[in-house]
Amino acid sequence: MPAVKIPATIAAEVAVPVMGRAATAAGFALLSIFWPSATNQVLAYSLAAFMVISAKFIWDYASAPSAPKSVRGPYAVAAVAMIIAGLVMAFRPETLVVAIAAAAAWILAGLLEILVFVKHRNAFAPYRDQLVTGFVSLGVGGSLLLGLDLDAHGLLGLAGGGAIILAVFELISAFGLRHAAKEPEPGLWS
C-alpha cells in the first residue's frame, strides 16, 4: 500500500503545532532524566507545565484551517482535561494527586486521539499519526495508575519515559510534515 501523501498546504498548517508538541515533550523528558532528586514540587510543576503547554499545541493542531471542524470538540475536551490536570497538580503537588490527575488527562487525551484516528484518518491525512500518540498517552496514563505507590522521582521517571516516546514520534512526524510542506504541489507542468 503506497504511503499517503500530505498536501504541502496542510502539512504547513500542522507542522508547527506538531513540532511544538514534540519540543514540549522533549524538554519535559530531558528534565525528567537529568533532575537527580526530584521532589513533589519538581514533579508537580514540571508535569503541570508540560500538560498546559501540550494542551495549547493540541488545540492549535485541531484548529488548523483545513482540519475537519468536527474534531475540534474531542481535541478541546483533551486540551481542557490537560489544563485542568495541570492546575490540579500546581495547586496540590502531592504525588498521589499528581499521578491521578496526570493519568486521567493522558488516558482521556489518548482515547480521544484514537477516536479521531478511527473517525477522521481518511478525511485529514495528518490524523493518521494520532493512533500512535493515542496509544502512547494511554500507556503513560496506565503506567502512572500502576505506579501510584511510587515517590516523586519514580513518577517523574514514568511520565518522562512516556514523554521520550512521544517526543521521538512527534519529532519524526514534524520533520515529515516540514518536508511535505516544502515540496511543490503537482501542477500542470510537473
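Here, residues in each chain are numbered from 1, in the same order as that chain's written sequence. This being a predicted model, a pLDDT of at least 70 is required before a residue's local features are given, and a value of 80 or more before pairs of side-chain atoms are given or counted; all residues contribute to the totals for chains, interfaces and linings. Excluding hydrogens and water, the side-chain values take into account all heavy atoms of the structure.

This paragraph deals with the overall build of the protein chain. For the purposes of this entry, the term helix denotes a DSSP run of H or I that reaches at least four residues, the term strand denotes a run of E that reaches at least two, and both are numbered from the N terminus. Scanning the protein chain from N- to C-terminus turns up six helices and zero strands. Written out in order from the N terminus, the α and β elements of the protein chain read α-α-α-α-α-α. Against the globule reference of 16 Å for 190 residues, the protein chain gives a C-alpha radius of gyration of 17 Å, in line with a compact fold. Taken along the three principal axes of its C-alpha coordinates, the protein chain extends 60 × 30 × 30 Å. Sorting the 190 residues of the protein chain into buried and exposed places 46% on the buried side. The long-range share in the protein chain, meaning contacts at least 24 apart out of those at least 6 apart in sequence, stands at 78%. Shrake-Rupley sampling with a 1.4 Å probe provides the accessible areas, and residues are treated as covered by the protein chains on show and by no other component. In the form shown here, the protein chain has an accessible surface area of approximately 9200 Å², with 74% of it arising from carbon and sulfur atoms. We treat Lys and Arg as the positive residues and Asp and Glu as the negative residues; His and chain ends play no part in the count. Taken as the charge location is NZ of Lys, CZ of Arg, CG of Asp or CD of Glu. Taken as two groups, the 11 positive and 10 negative side-chain charges of the protein chain have centres that lie 8 Å from each other. C-alpha atoms define the radius of gyration in this analysis, and the globule rule sets the expected value at 2.2 Å times the number of residues to the power 0.38. For the exposure calls, accessible area comes from a 1.4 Å probe over protein chains only, and a residue counts as buried if that area is under 20% of its type's maximum, exposed if over 50%, partly exposed in between. The contact criterion used is simple: two residues touch if any of their non-hydrogen atoms lie within 4.5 Å.

The subject of this paragraph is the side chain of histidine 120. In this structure, histidine 120 sits in helix H4 (residues 95-120). Leave out the neighbours within four places in its chain, and histidine 120 touches Ser70, Val71 and Tyr127.

A few words now on the packing of H4 against helix H5 (residues 130-146). Angles here are taken between N-to-C directions and fall from 0 to 180 degrees, while the axes themselves are lines fitted to C-alpha atoms, restricted in helices to the stretch in contact. Contact geometry for H4 and H5: axes closest at 7 Å, N-to-C directions at 155 degrees. In terms of axis orientation, H4 runs roughly antiparallel to H5. The element H4 and its partner H5 pack so that their crossing is left-handed. Where H4 approaches H5, its residues Ala99, Ala102, Ala103, Trp106, Ile107, Gly110, Leu111, Glu113, Ile114, Val116 and Phe117 are matched on the opposing element by Gln130, Leu131, Thr133, Gly134, Phe135, Ser137, Leu138, Val140, Gly141, Gly142, Leu144 and Leu145. Any angle that is under 35 degrees is reported as roughly parallel, and any over 145 degrees as roughly antiparallel; angles of 65 to 115 degrees are reported as roughly perpendicular and all others as oblique. Helix crossings get a hand from a simple test, with the near helix turned counterclockwise from the far one by less than a right angle marking a left-handed crossing and a clockwise turn marking a right-handed one.

In what follows, salt bridge is the name for a side-chain nitrogen of Lys or Arg lying within 4 Å of a carboxyl oxygen of Asp or Glu. Under the defined criterion, the tally for this structure stands at four salt bridges. A salt bridge links glutamate 113 to arginine 21; the nearest nitrogen and oxygen atoms lie 2.8 Å apart. Placement of the pair is glutamate 113 in helix H4 and arginine 21 in helix H1 (residues 8-34), with a sequence separation of 92 residues. Glutamate 94 is the partner of arginine 92 in a salt bridge, and the nearest nitrogen-oxygen pair spans 3.0 Å. For arginine 92, a relative accessible area of 45% gives the class partly exposed. Look at the salt bridges and you will find they share partners, linking Arg21, Glu113 and Glu170 into a network.

For valine 77, the position within the fold is in helix H3 (residues 72-91). By relative accessible area, which is 43% here, valine 77 ends up partly exposed. Other than its neighbours up to four places away in sequence, valine 77 contacts Leu108 and Leu112.

Glancing now at the side chain of arginine 21. A residue is classified by how much of its surface remains accessible, and arginine 21, at 8% relative accessible area, is buried. In contact with arginine 21, other than residues within four places in its own chain, are Phe57, Ile58, Glu113, Gln130, Thr133, Ser137, Leu166 and Glu170.

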